[in-house]
Amino acid sequence: MKIFRKLNDIKVLSFDLDDTLYNNKPIIKAALDAQFGYIKQIPSIGEKWQAQGDNFWERCRVAVQNNTPGIKQNVTLLRQHALDYAFNFLGLSDQESERHSKAAYQAFITARSQVNVEPEVLALLKDLSQKYTLIAITNGNVDISKFCLKDSFEFLLMAGFDGAQKPAADMFELAANKLNVKLENILHIGDNLDSDIQGANNNGCMSCWLNEDPIKTSYKGLADIEITNILPKLGEFLQNSDG
């Protein structure tokens with residue numbers, strides 16, 4: 001653990017979800033496999049989809065983003081609209097496109113919610129909740145009501161439904177307002193420098209960067225704290241902090 005700045009009084013711990021509290025990469029792969037598995041079994045559509053080439057799905061997503069400014073802030077709506085666009089492009093009627101869009105999305109989100117969180121992480125959250133208010137702020141669309149994190153947080157804020165994606169101020173400010181605390185008393189913990197750390201730093205919160213599996217980012221700012229694993233150092237530090 002590295003501490004780069006003196007911390008304020010910590011009252012709220014805000015957690016990112018994907019790739020912070022669990023490994024999200026195999027979950028997303030399984031969810032995409034489920035989505036495309038559904039599509040492949042639709043008579044005639046599966047073959048037409050594959051004939052469009054490997055980048056067909058990405059082309060549909062880009063087309064929807066171009067046609068609907070701001071939709072990329074809500075990854076749920078973006079996926080649903082891109083599916084509908086794809087089925088229409090392949091020749092299905094509006095009614096059939098809507099039906100298969102809903103079914104393909106349901107296949108995706110059901111697999112997306114098959115999340116296993118390490119028991120040690122769940123125990124850490126439970127311990128920390130005795131001292132701090134715990135919340136979650138995510139740019140993703142995982143439904144925590146479907147798995148073991150459902151009782152771990154005071155509330156969950158999701159981009160698109162509760163404001164613009166991190167690093168925008170929306171969800172940080174909403175969290176502070178809902179809890180009647182100052183932004184400076186929130187410590188946000190996440191794995192992404194561009195969204196989590198930049199968002200926390202720019203909006204007056206404290207920041208903790210989980211530098212466990214670094215990805216290419218553009219933000220060059222410094223987190224208040226840097227850790228390489230949620231366990232055990234962060235828990236020990238927070239439990240022994242004056243709060």
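Before going into details, it helps to say that this report is about the structure given with it. From a predicted model like this one, the values you see are computed outputs, not experimental measurements.

Thoughts on the overall build of the protein
Within the protein, the regular secondary structure consists of 9 helices and 7 strands. Computed over the C-alpha atoms, the radius of gyration of the protein is 20 Å, within 12% of the 18 Å expected from 2.2 N^0.38 for a compact globule of 243 residues. Its C-alpha atoms put the protein at 65 × 35 × 30 Å along the principal axes. Every one of the 243 residues in the protein was classed for burial, and the buried ones make up 47%. Restricting the contact set of the protein to residue pairs at least 6 apart, pairs at least 24 apart contribute 61%. Split by element, the accessible area of the protein, about 12,200 Å² in all, is 48% carbon and sulfur.

Considering the packing of helix H3 (residues 56-67) against helix H4 (residues 75-89)
Put simply, H3 and H4 touch, their axes get as near as 9 Å, and they point 110 degrees apart. The orientation of H3 with respect to H4, classified from their angle, is roughly perpendicular. For the element pair H3 and H4, the recorded crossing hand is right-handed. Mapping the contact onto sequence places Phe56, Trp57, Cys60, Arg61, Ala63, Val64, Gln65 and Asn67 in H3 and Leu78, Arg79, His81, Ala82, Leu83, Tyr85, Ala86 and Phe89 in H4. Taken together, the residues of the contact of H3 with H4 sort by class into 11 nonpolar, 3 polar and 2 charged.

Things to note about the packing of aromatic side chains
What describes a pair of aromatic rings is the distance from one ring centre to the other and the angle between the planes of the rings. Evaluated as defined, the whole model comprises 10 aromatic pairs. Aromatic pair phenylalanine 36 and tryptophan 57: ring centres 6.1 Å apart, planes at 85 degrees, arrangement edge-to-face. Taken together, the positions of phenylalanine 36 in helix H1 (residues 25-40) and tryptophan 57 in helix H3 put the pair 21 residues apart, joining distant regions of the chain. Under the relative-accessibility criterion, phenylalanine 36 is labelled partly exposed at 22%. Look at phenylalanine 56 and phenylalanine 89: their rings are 5.6 Å apart centre to centre, the planes differ by 45 degrees, and that puts the pair in the tilted class. Linking phenylalanine 56 in helix H3 with phenylalanine 89 in helix H4, this pair joins segments that are 33 residues apart in sequence. Given a relative accessible area of 47%, phenylalanine 89 falls into the partly exposed group. What links up through ring pairs into an aromatic cluster is the set Phe36, Trp49, Phe56, Trp57, Tyr85, Phe87 and Phe89. One residue, arginine 79, lies across the ring of phenylalanine 108, its end atom 3.8 Å from the ring centre. Positioned above the aromatic ring of phenylalanine 155, the side-chain terminus of lysine 178 is 4.8 Å from the ring centre.

Notes on the sheet that holds strand E1 (residues 2-3)
Reading across the sheet, the 7 strands line up as E1-E7-E6-E5-E2-E3-E4 and stay open at both edges, with mixed pairing between neighbours. Both edges of this open sheet fall to E1 and strand E4 (156-158), since each of them pairs with a single strand only. In the sheet, strand E2 (residues 12-15) pairs with strand E5 (residues 186-190) via 4 bridges, with the strands oriented parallel. The partner of valine 12 across the bridge, within E5, is isoleucine 186. Sheet strands touched by helix H7 (residues 170-179): E2, strand E3 (133-138), E4 and E5. Its angle to E3, the strand with the most contacts, is close to 155 degrees. Contacting E5 and strand E6 (206-210), helix H8 (residues 193-202) runs over the sheet at an angle of about 160 degrees to E6.

Calculation criteria
- Residues numbered from 1 in each chain as written.
- Predicted model: local features only at pLDDT ≥ 70, side-chain atom pairs only at ≥ 80, totals over all residues.
- Heavy atoms only, no water.
- Helix = DSSP H or I, 4+ residues; strand = E, 2+ residues; numbered from the N terminus.
- Rg over C-alpha atoms; globule rule 2.2 N^0.38 Å.
- Buried < 20%, exposed > 50% of the residue type's maximum accessible area, 1.4 Å probe, protein only.
- Contact = heavy atoms within 4.5 Å.
- Areas by Shrake-Rupley, 256 points an atom, 1.4 Å probe, with all protein chains shown as cover.
- Axes fitted to C-alpha atoms, helices over the stretch in contact; angles between N-to-C directions.
- Parallel < 35°, antiparallel > 145°, perpendicular 65-115°, else oblique.
- Left-handed = near helix turned anticlockwise from the far one by under 90°.
- Nonpolar A, V, L, I, M, F, W, Y, C, P; charged D, E, K, R; others polar.
- Phe/Tyr/Trp six-rings, centres within 6.5 Å; stacked < 30°, edge-to-face > 60°.
- Lys NZ or Arg CZ within 6 Å of the ring centre and 35° of its normal.
- Pairing = 2+ DSSP bridges.

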